[in-house]
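# Notes for the structure review
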Amino acid sequence: MTHFSGQVTLDGPSGTGKSSVARAVALELGAAYLDTGAMYRAATVAVLDAGVDLDDAEGITRAVTRAAIGIGTDAATERVTVDGAEVTERIRSTEVTRAVSPVSAVPAVRRLLVDAQRALVADATAVVVEGRDIGTVVLPDATLKVYLTAAPEARAERRAAQLGVTDPARIAAIAEDLRRRDAYDSTRADSPLRPATDAVTVDSTHWERHETIAAIVELARERAEA
Ligand SMILES: Nc1ncnc2c1ncn2[C@@H]1O[C@H](COP(=O)(O)OP(=O)(O)OP(=O)(O)O)[C@@H](O)[C@H]1O
Ligand SMILES: Nc1ccn([C@H]2C[C@H](O)[C@@H](COP(=O)(O)O)O2)c(=O)n1
């Protein structure tokens, strides 16, 4: 079997399975892994802790510029820090999830984090990077670009299962949150969420997680052999 070397990008809307799939694909390929959404979430922690208003683009930029965001590229571990303090769990909180879209829409924040993302993967011979603009902006020459999608109902049900939620009203609230975040992320002026023109779209609506992972690993190996 061919040893994979190169870059795989995985972009797509919220809750399509990017993080869980990208990490597993990286482990299977023996590649490094970068969760860029975690970096925008860590930047949001810095903004919230600085008490900056989410309408204040300059204040947001100041807070993110001052913050030291720590993240690794080992697919087997997940640890995120801001100014040395561990925020791995906090970045997944409702408070951060609600605030992350306006923070990530600020162009100066994107410039800072895109530079950091490129630096983090610059030396990797094999890497899987997931987010919203990886194939379009961060790594435009990647070996394989995947745009991961799934029907909104499937995404809401998966996220509810992940959180242990069964109440239909709470599942509807989860669906509404996914819809709101996608609308924000795909209509912002700077690097909106959209598939790269040369991306392969993978629709996981009717697939188990392991089938999604296997399909992407196969695509990556095919590209490495080509
Ligand atoms: N076929 C599938 N493909 C991918 N993920 C699936 C599949 N079936 C279920 N899941 C589950 O969907 C849930 C959401 O996945 P994950 O958090 O990785 O999505 P995400 O796209 O990274 O979301 P976000 O952008 O909000 O961070 C996880 O619990 C994952 O295990
Ligand atoms: N490359 C990226 C990655 C993420 N974002 C923004 C948009 C998302 O709503 C938010 C959190 O990402 P998630 O952890 O849910 O994948 O961060 C972005 O703009 N660009």
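Along each chain, residue indices are assigned from 1 in the same order as the chain's sequence is written. Each chain gets a letter, beginning with A, and each ligand a number, beginning with 1, in the order they are written. Restriction of local features to residues with pLDDT of at least 70 applies here, the model being predicted, together with a cutoff of 80 or more for giving and counting side-chain atom pairs; totals for whole chains, interfaces and linings are based on all residues. Hydrogen atoms and water are omitted, and side-chain values are computed over all heavy atoms in the structure.

A cutoff of 4 Å decides nearness: a residue is near a molecule or strand if any of its heavy atoms lies inside that distance of it. In the neighbourhood of ligand 2, 16 residues make up the surrounding shell, with Arg41, Arg110, Asp133, Asp185 and Arg188 lying closest. For the purposes of these results, a polar contact is taken to be a pair of N or O atoms within 3.5 Å, where, inside protein, one atom must be able to donate a hydrogen and its partner to accept one; residues adjacent in sequence count only when each atom of the pair is a side-chain atom. Separating an oxygen atom of ligand 2 from a side-chain N or O atom of arginine 41 is a distance of 2.7 Å. Within the side chain of aspartate 133, one N or O atom sits 2.8 Å away from a nitrogen atom of ligand 2. Working definition of accessibility: Shrake-Rupley area with a 1.4 Å probe, residue cover restricted to the visible protein chains. For ligand 2, whose unbound accessible area comes to 450 Å², protein coverage reaches 97%. By the criteria applied, helices consist of DSSP H or I runs no shorter than four residues and strands consist of E runs no shorter than two, each listed in order from the N terminus. Looking at the shell around ligand 2, the elements that each hand over two or more residues are α2 (36-49), α4 (94-104) and α8 (168-187). Residue polarity is assigned by list, with Asp, Glu, Lys and Arg as charged and Ala, Val, Leu, Ile, Met, Phe, Trp, Tyr, Cys and Pro as nonpolar; anything else, Gly included, falls into the polar class. Here the residues of the shell around ligand 2 are counted per class, giving three nonpolar, five polar and eight charged.

The next subject is the sheet that holds strand β3 (residues 69-71). When DSSP finds two or more bridges between two strands, those strands count as paired. Reading across the sheet, the three strands line up as β3-β4-β5 and stay open at both edges, with antiparallel pairing between neighbours. Each having just a single partner strand, β3 and β5 (85-86) make up the two edges of the open sheet.

Under the feature "binding site: ATP" (unreviewed entry), the UniProt entry names Gly12, Pro13, Ser14, Gly15, Thr16, Gly17, Lys18, Ser19 and Ser20. Position of proline 13 among the secondary structure elements: in the loop between β1 (6-11) and α1 (18-29). Judged by relative accessible area, which is 12%, proline 13 ranks as buried. Two residues qualify as a contact provided that any one of their heavy atoms is within 4.5 Å of a heavy atom in the partner residue. Ignoring any residue separated from it by four or fewer positions in sequence, one finds proline 13 in contact with Lys18, Tyr147, Leu148, Arg155, Asp182 and Leu193. Ignoring any residue separated from it by four or fewer positions in sequence, one finds serine 19 in contact with Tyr33, Asp35 and Glu130. UniProt positions are given in the numbering used here, feature names are shortened, and annotations may be inferred rather than shown by experiment. Burial here depends on accessible area, computed with a 1.4 Å probe over protein chains only, as a share of the maximum for the residue type. Under 20% is buried, over 50% is exposed, and the range in between is partly exposed.

Take a negative patch on the surface next. Note that patches include only residues with greater than 30% relative accessible area and no salt bridge, and the join distances are 9 Å for like charges and 5 Å for nonpolar side chains (Val, Leu, Ile, Met, Phe, Trp, Tyr). When a carboxyl oxygen of Asp or Glu lies within 4 Å of a side-chain nitrogen of Lys or Arg, that pair is called a salt bridge. The charge count includes Lys and Arg as positive and Asp and Glu as negative, but it does not include His or the ends of the chains. To locate a charge, take atom NZ for lysine, CZ for arginine, CG for aspartate or CD for glutamate. A contiguous patch of negative charge, built from Asp53, Asp55, Asp56 and Glu58, is present on the exposed surface. In this structure, aspartate 56 sits in the loop between α2 and α3 (57-66).

For the rest of this paragraph, the subject is helix α7 (residues 152-163). Between its terminal C-alpha atoms α7 stretches 17 Å, which fits the 16 Å expected from 12 residues at 1.5 Å a residue. What α7 keeps buried is the set Ala154, Arg155, Ala156 and Ala160. Contact partners of the buried residues in α7: α8. Remark: glycine 164 follows α7 within two positions and exhibits a positive phi of approximately 70 degrees. Expected helix span is taken as 1.5 Å per residue step, with the number of steps being one fewer than the number of residues.

Turning our attention to the side chain of arginine 23. Inspection of the secondary structure assignment puts arginine 23 in helix α1. Reaching out from arginine 23, the side chain makes a polar contact with the backbone oxygen of alanine 75 at a distance of 2.9 Å. Beyond its immediate stretch of four places on either side in the chain, arginine 23 contacts Tyr33, Asp74, Ala75, Thr77 and Glu78.

Here the domain parsing of the protein yields domain 1 (1-15 + 131-205) and domain 2 (32-123). Summarising the inter-unit geometry, the C-alpha centres of domain 1 and domain 2 are found 18 Å apart. Each partner contributes residues to the interface: domain 1 has 14 residues there, and domain 2 has 15 residues. The contact between domain 1 and domain 2 buries some 1,200 Å² in all, and 50% of this surface belongs to carbon and sulfur atoms. Summed over the shared surface of domain 1 and domain 2, the number is one salt bridge. With its nearest N and O atoms 2.9 Å apart, the salt bridge here joins arginine 110 to aspartate 133. Here domain 1 and domain 2 share five residue pairs in polar contact (both at pLDDT 80 or more) between them. Breaking the side of domain 1 that touches domain 2 down by element, the ones donating at least two residues are α6 (134-138) and α8. The class makeup of the residues in the side of domain 1 that touches domain 2 is five nonpolar, two polar and seven charged. A domain assignment, automatic or from a database, supplies the domain bounds used here. The term buried area refers to how much accessible surface (probe radius 1.4 Å) is lost by two components on association, counted for both of them together.

Glancing now at the packing of α1 against helix α9 (residues 209-225). With axes taken as lines fitted to C-alpha atoms, and helix axes fitted only over the stretch in contact, angles between N-to-C directions fall between 0 and 180 degrees. Close contact between α1 and α9 brings their axes to 9 Å; oriented N to C, the two are set at 50 degrees. With respect to α9, the axis of α1 lies oblique. In the packing of α1 onto α9, the handedness of the crossing is right-handed. Two secondary-structure elements touch here, α1 through Ser20, Val21, Ala24, Val25, Glu28 and Leu29 and α9 through Arg209, Thr212, Ile213, Ile216, Val217, Ala220 and Arg221. Classifying every residue of the contact of α1 with α9 gives eight nonpolar, two polar and three charged. An angle below 35 degrees is read as roughly parallel, one above 145 as roughly antiparallel, one from 65 to 115 as roughly perpendicular, and any other as oblique. Crossing handedness: left-handed means the near helix sits turned counterclockwise from the far one by under a right angle, and right-handed means the same turn made clockwise.

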